[in-house]
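Coordinate inspection notes
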Amino acid sequence: MDEITITGTYRPGDAFYAAPLNTEYLQAKSQAGGDVELIGASTGGIQDDASFTHTSVWRKKNP
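It should be emphasised that the depicted structure is a prediction, and the values quoted were computed from it without experimental measurement. (Residues numbered from 1 in each chain as written. Predicted model: local features only at pLDDT ≥ 70, side-chain atom pairs only at ≥ 80, totals over all residues. Heavy atoms only, no water.)

The next thing to look at is the overall build of the chain. In terms of regular secondary structure, the chain is built from 1 helix and 3 strands. Along the chain, helices (α) and strands (β) appear in the sequence β-α-β-β when read from the amino end. The dimensions of the chain, computed from C-alpha atoms along their principal axes, are 40 × 20 × 15 Å. Across the 63 residues of the chain, 27% fall into the buried class. For the chain, the share of sequence-separated contacts (at least 6 apart) that also reach a separation of at least 24 residues comes to 55%. With the model as given, the accessible surface of the chain reaches about 4100 Å², and the carbon-plus-sulfur share is 48%. Charge centroids of the chain, computed over 5 positive and 8 negative side chains, lie 10 Å from each other. (Helix = DSSP H or I, 4+ residues; strand = E, 2+ residues; numbered from the N terminus. Buried < 20%, exposed > 50% of the residue type's maximum accessible area, 1.4 Å probe, protein only. Contact = heavy atoms within 4.5 Å. Areas by Shrake-Rupley, 256 points an atom, 1.4 Å probe, with all protein chains shown as cover. Lys, Arg positive; Asp, Glu negative; His and termini not counted. Charge placed at Lys NZ, Arg CZ, Asp CG, Glu CD.)

Structure representation (structure tokens):
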């Protein structure tokens, strides 16, 4: 399977604001149909309203 890219915008008060990789992992795992491993992640910086956009790249683990 190819790489899976997940992008999310998080705001103060969001359940995953402090740990965006948790929700992105679950999304990638769902898309891959199995367990995944993180290749890399980055953020676009924090905005004036304290929100930020986070991107992570995943690939399905080999059995």
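In this structure, Asp 14 sits in the loop between strand S1 (4-10) and helix H1 (20-32). Residue Asp 14 is classed as partly exposed on the basis of its relative accessible area of 34%. Residues Asp 14 and His 54 lie 40 residues apart in sequence; the distance between their C-alpha atoms is 13 Å.

Turning to the side chain of His 54, a few remarks are in order. When you line up the elements, His 54 lands in strand S3 (residues 52-60). In terms of polar contacts, His 54 uses its side chain to reach the side chain of Glu 24, at 2.9 Å. Beyond its immediate chain neighbours, meaning those up to four positions away, His 54 contacts Ile 6, Thr 7, Gly 8, Tyr 10, Pro 20, Leu 21, Glu 24, Ala 41, Ser 42 and Thr 43. (Polar contact = N/O pair within 3.5 Å; in protein donor to acceptor, adjacent residues only side chain to side chain.)

Core analysis: the largest hydrophobic core is formed by 6 residues, namely Ile 4, Ile 6, Ala 28, Ala 32, Val 36 and Trp 58. With near-sequence residues (within four places) excluded, Trp 58 lies in contact with Asp 2, Glu 3, Ile 4, Ile 6, Leu 21, Glu 24, Tyr 25, Ala 28, Val 36, Glu 37, Leu 38 and Ile 39. (Core = buried A, V, L, I, M, F, W, Y, C linked by side-chain atoms within 4.5 Å.)

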